[in-house]
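Letter by letter, the chains look like this.
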Amino acid sequence: MEKLTFYALSAPEKLDRIGAYLSERLSRDVARHRYGYVCIAMEALDQLLMACHCQSINLFVESFLKMVRKLLESDKPNLQILGTNSFVKFANIEEDTPSYHRSYDFFVSRFSEMCHSSFEDPDIRTKIRMAGIKGLQGVVRKTVNDELQANIWDPQHMDKIVPSLLFNLQSGDDSEQCFPSLLTERCFRELLGRAAYGNIKNAVTPVLMHLDNHCLWEGKTFAVRCFKIIMYSIQSQHSHLVIQQLLGHLDANSKNSATVRAGIVEVLLEAAAIAASGSVGPTVLEVFNTLLRQLRLSVDYELTGSYDGSTNIGTKIIKAHEERQLQEAVIRTIGSFANTLPTYQRSEVMLFIMGKIPVPGLHPVLPATGSGPDGTRMIQVMLLKSLVQVTAGFQTTNMLTALPSSFLEPLLSFSLTEDPEVRLLVLQILLSLIDRHDNRPKFANIRWVAAFLKVDKCSRQDNLFMKKHGQQLYRHIYLGCKEQSSGRQHYETLFTLLGLLSVELANEEVVVDLIRLALALQDLALTTDEALPVYNRCAVHAVAAAYLNLICQLTTVPAFCQHIHEVIEVRQKESPHLLPEDVFVDNPKLPSSLEKVEGGVLFLQSKITEVLGGSGYNTERLATPYVPQYTDEDRLSKRKSIGETISLQVEVESRNSPEKEEVNAEKWLTVNIVGMEEQERERRRQVVEKFQKAPFEEIAAHCGARATMLQSKLNQIFEITIRPPPSPSGTISSGYGQTQSRSVPIYEMKFPDLCVY
């Protein structure tokens, strides 16, 4: 062997003849079953290959690969393994010169076939499969970086390599031998790690097909493991490509069983967590749009019991509990994706989801489906649950930009629905948005101590936010307490909202308004006009007491604290059912009716105004009872203040004038303004009622007519403004000798030569 190696190195032009001779001998020995000589010939070829790296080695390699192929075609396991080992040695050699005509198609097919070996003896079967995996690893190493080779990433090759690896990965999990599984995983990781941007799709598609063909989505475990390997192996900047393929596959399986779709969603959930900020990629809203579409489809399937509304799918029985599990999985996945986004993108997603929530009477919910009002309600609940996930852990320094009116107003409008679940979800979303210092868990149980709360000074942006939206928030808290269907959770959440407003967004003016609101809640619980059940009235009393106790500790005004504590002590002795520790328990002990709630058990607005006025708080505002105002009435109240200003000016002028007619004029003007306000209020009520009750077609036609009128006016304005000044060369004549009066674009105007440079 030493002499042969020396001869080959001395005369490299003889290498091809040496290879041809050894190849001929090996073929003859294989045919005659002289396996000892086969091993000798193969050993000789291996050593020559390792020693010689001259330019003429290409011809020798052809003979070598021909011999390896001969061994792999044999039905003897030992010869297959021998051939594979020789090929692996060859694959690890870096050749100096490229090869233009070498093909590895046979090796991909044969090694893939060996990976699926079903040999009777389990030990030999394992050895053959491991040899197949090593062979595929060798093919990948040899071809993946050589641009002159056949592209290993082509679907024809990937469709053989990837399923072979996944088959062994799964078989290794099922058997007691872990080594084949580890080897397979290492090979799979190496393959994926070498994938460039354009090859990711070809590498992932066979994985999806394998999981489909073998029904592996339903178990979730193996599918999740596969994609964990993929996400950790590929380059991080390519993560979003895998996510997009999974989303596309989810859409393609829209009419498959809920367990399959839930499996894909579960894989998406894990993949998003691994990919972190790179998971969503450039199409942020498209990711959420796909997930929301799946959510709506699932709701529709659950309610209609059919995938397409027809009766020809008798074999597919839709199970409601499986659809529910899928819906929960989609909601968790939406939250997982949202957690990877920066604040500004998360705000966009919140707006996007809010735009998808159906509002009864304003726009259609599910086109061409029979889900009806139940579908509307379920979609509302599901999308609000998605918003709960998206807003969890939301942190922002500027509440105004993070929570624009286009998001906050529709959200608050849902807090007034009759559905208690919807109202509770809205409150939870508000808590997540307002809580920026993780104070929310400290309000979990209503207690009497305001300890351990993180309180920062209210910023200018927070002040502006409360100035703009504060009245809306107070109004919705008040009306939320008025709802007869509110339960323990609602009242506890409303207290937490009051507490978070005090800690996160309160300046002196906000504190005054919140105290007024708490006293108004006490008045609400006292009145009998609202027909509130006894539990609700006790709960409202308890919320007001707990909040006033909290705010007195935060304001640290001794006289204020003393009054609050005195009332609480009286309640503990005489009316414990008006305190949170007796109301917010599993089995509250309540009286049959609340008739005589008076005297020392009530917080007094006059007393609170007096004690806080001594510490510099606005006594005039404190003494004014809080009355919630509706949005339209808020707008009218601004008009009313202007009207009052006009009447005041007229009154001042009349005092300076001796003529009585001016006094009459002032009175007439004031009365007229009030009448105009009434007309305006009635007109607004009619408009709102029309949009709530009129058919959709009528509203669309009305809006369309207005849009057409607006467009015609705009066209007139543009016609006037676009027309350029008179052309310096006189009127512009058309080709037929007629003057043209239409407006001329700038690029068609004729200018004198002196004006052009």
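Cut-offs used in this document
Residues numbered from 1 in each chain as written. Predicted model: local features only at pLDDT ≥ 70, side-chain atom pairs only at ≥ 80, totals over all residues. Heavy atoms only, no water. Axes fitted to C-alpha atoms, helices over the stretch in contact; angles between N-to-C directions. Helix = DSSP H or I, 4+ residues; strand = E, 2+ residues; numbered from the N terminus. Parallel < 35°, antiparallel > 145°, perpendicular 65-115°, else oblique. Contact = heavy atoms within 4.5 Å. Nonpolar A, V, L, I, M, F, W, Y, C, P; charged D, E, K, R; others polar. pLDDT = per-residue confidence, 0-100. Expected span 1.5 Å × (residues − 1). Buried < 20%, exposed > 50% of the residue type's maximum accessible area, 1.4 Å probe, protein only. Polar contact = N/O pair within 3.5 Å; in protein donor to acceptor, adjacent residues only side chain to side chain. Salt bridge = Lys/Arg side-chain N within 4 Å of Asp/Glu carboxyl O. Phe/Tyr/Trp six-rings, centres within 6.5 Å; stacked < 30°, edge-to-face > 60°. Lys NZ or Arg CZ within 6 Å of the ring centre and 35° of its normal. Left-handed = near helix turned anticlockwise from the far one by under 90°.

**Student:** Report on the packing of helix 3 (residues 35-51) against helix 5 (residues 77-91), specifying residues and quantitative values.
**Tutor:** Helix 5 packs onto helix 3 with a crossing angle of 5° between their chain directions and a minimal axis gap of 10 Å. Taken as axis vectors, helix 3 and helix 5 run roughly parallel relative to one another. Residues Tyr 35, Val 38, Cys 39, Met 42, Asp 46, Leu 49 and Met 50 of helix 3 lie in contact with helix 5, whose contacting residues are Leu 79, Leu 82, Ser 86, Lys 89 and Phe 90. Considering only residue class, the contact of helix 3 with helix 5 consists of 9 nonpolar, 1 polar and 2 charged.

**Student:** Outline the confidence of the model for the chain, supporting the account with residue identities and numerical values.
**Tutor:** On average, residues of the chain score 81 in pLDDT, and 80% of them are at 70 or above. Between the elements of the chain, mean pLDDT differs from a low of 37, seen in helix 29 (residues 631-656), to a high of 95, seen in helix 10 (residues 200-213). This stretch, residues 311-315, has a pLDDT under 50; its non-local contacts, to residues over four places away or in other chains, come to 2 contacts. Low pLDDT, under 50, characterises residues 361-370; the stretch is placed with 16 contacts to residues that sit more than four places away or in other chains.

**Student:** Before we move on, could you go through helix 23 (residues 508-526) and cite the residues and values that matter?
**Tutor:** Taking 1.5 Å per residue as the helical rise, helix 23 with its 19 residues ought to reach 27 Å, and the 28 Å between its terminal C-alpha atoms agrees with that figure. Counting buried positions along helix 23 gives 15 out of 19 residues, so the element sits mostly inside the fold. Between the side-chain oxygen at the start of helix 23 and the backbone nitrogen of Glu 509 there is a gap of 3.2 Å, and the oxygen is on Asn 507.

**Student:** If you had to explain the pattern of salt bridges to someone new, which residues and values would you point to?
**Tutor:** Enumeration over the complete set of coordinates arrives at 25 salt bridges. The salt bridge involving Arg 110 is made with Glu 113; its shortest N-O contact spans 3.1 Å. Of this pair, Arg 110 and Glu 113 both sit in helix 6 (residues 105-115), 3 residues apart, which is roughly one turn of the helix. Residue Glu 323 pairs with Arg 261 through a salt bridge whose shortest N-O separation is 2.7 Å. In this pair, Glu 323 is assigned in helix 15 (residues 320-339) and Arg 261 in helix 13 (residues 258-275), connecting sequence segments 62 residues apart. The same class applies to Glu 323 as to Arg 261, namely buried. Through salt bridges with shared partners, one network takes in Glu 328, Arg 377, Lys 385, Asp 419 and Glu 421.

**Student:** Describe the environment of Thr 126, listing the residues and the values that go with them.
**Tutor:** By secondary structure assignment, the location of Thr 126 is in helix 7 (residues 122-143). Sequence separation of Thr 126 and Asn 168 is 42 residues, and the distance between their C-alpha atoms is 9.7 Å. Of the polar contacts made by the side chain of Thr 126, one reaches the backbone oxygen of Pro 122; its length is 2.9 Å.

**Student:** Mind laying out the packing of aromatic side chains, listing which residues take part and the relevant values?
**Tutor:** All told, the structure shown has 12 aromatic pairs when counted by the stated rule. Members of the aromatic cluster, joined through ring pairs, are Phe 64, Phe 87, Phe 90, Tyr 104, Phe 106, Phe 107 and Phe 111. In this structure, Arg 69 is placed above the aromatic ring of Phe 106, and the distance from its NZ or CZ to the ring centre is 4.3 Å. Across from the ring centre of Phe 90, 4.4 Å away, lies the NZ or CZ of Lys 142, which sits over that ring.

**Student:** Account for the packing of helix 10 against helix 12 (residues 239-252), with residues named and values stated.
**Tutor:** At a closest axis distance of 10 Å, the pairing of helix 10 and helix 12 adopts a crossing angle of 40°. In this structure, the crossing between helix 10 and helix 12 has a hand that is right-handed. Contact residues: helix 10 offers Ile 200, Lys 201, Val 204, Thr 205, Leu 208 and Asp 212, while helix 12 offers Leu 241, Val 242, Gln 245, Leu 246 and His 249. Split by residue class, the contact of helix 10 with helix 12 holds 6 nonpolar, 3 polar and 2 charged.

**Student:** Break down unusual backbone geometry for me, with residues and values.
**Tutor:** Of note in this structure, Lys 220 is not a glycine but carries a positive phi near 70°. Here Lys 220 is to be found in the loop between helix 10 and helix 11 (221-233). Of the residues examined, Lys 220 reaches a relative accessible area of 30% and is grouped as partly exposed. With a phi close to 50°, Thr 556 is a non-glycine residue in the positive phi region.

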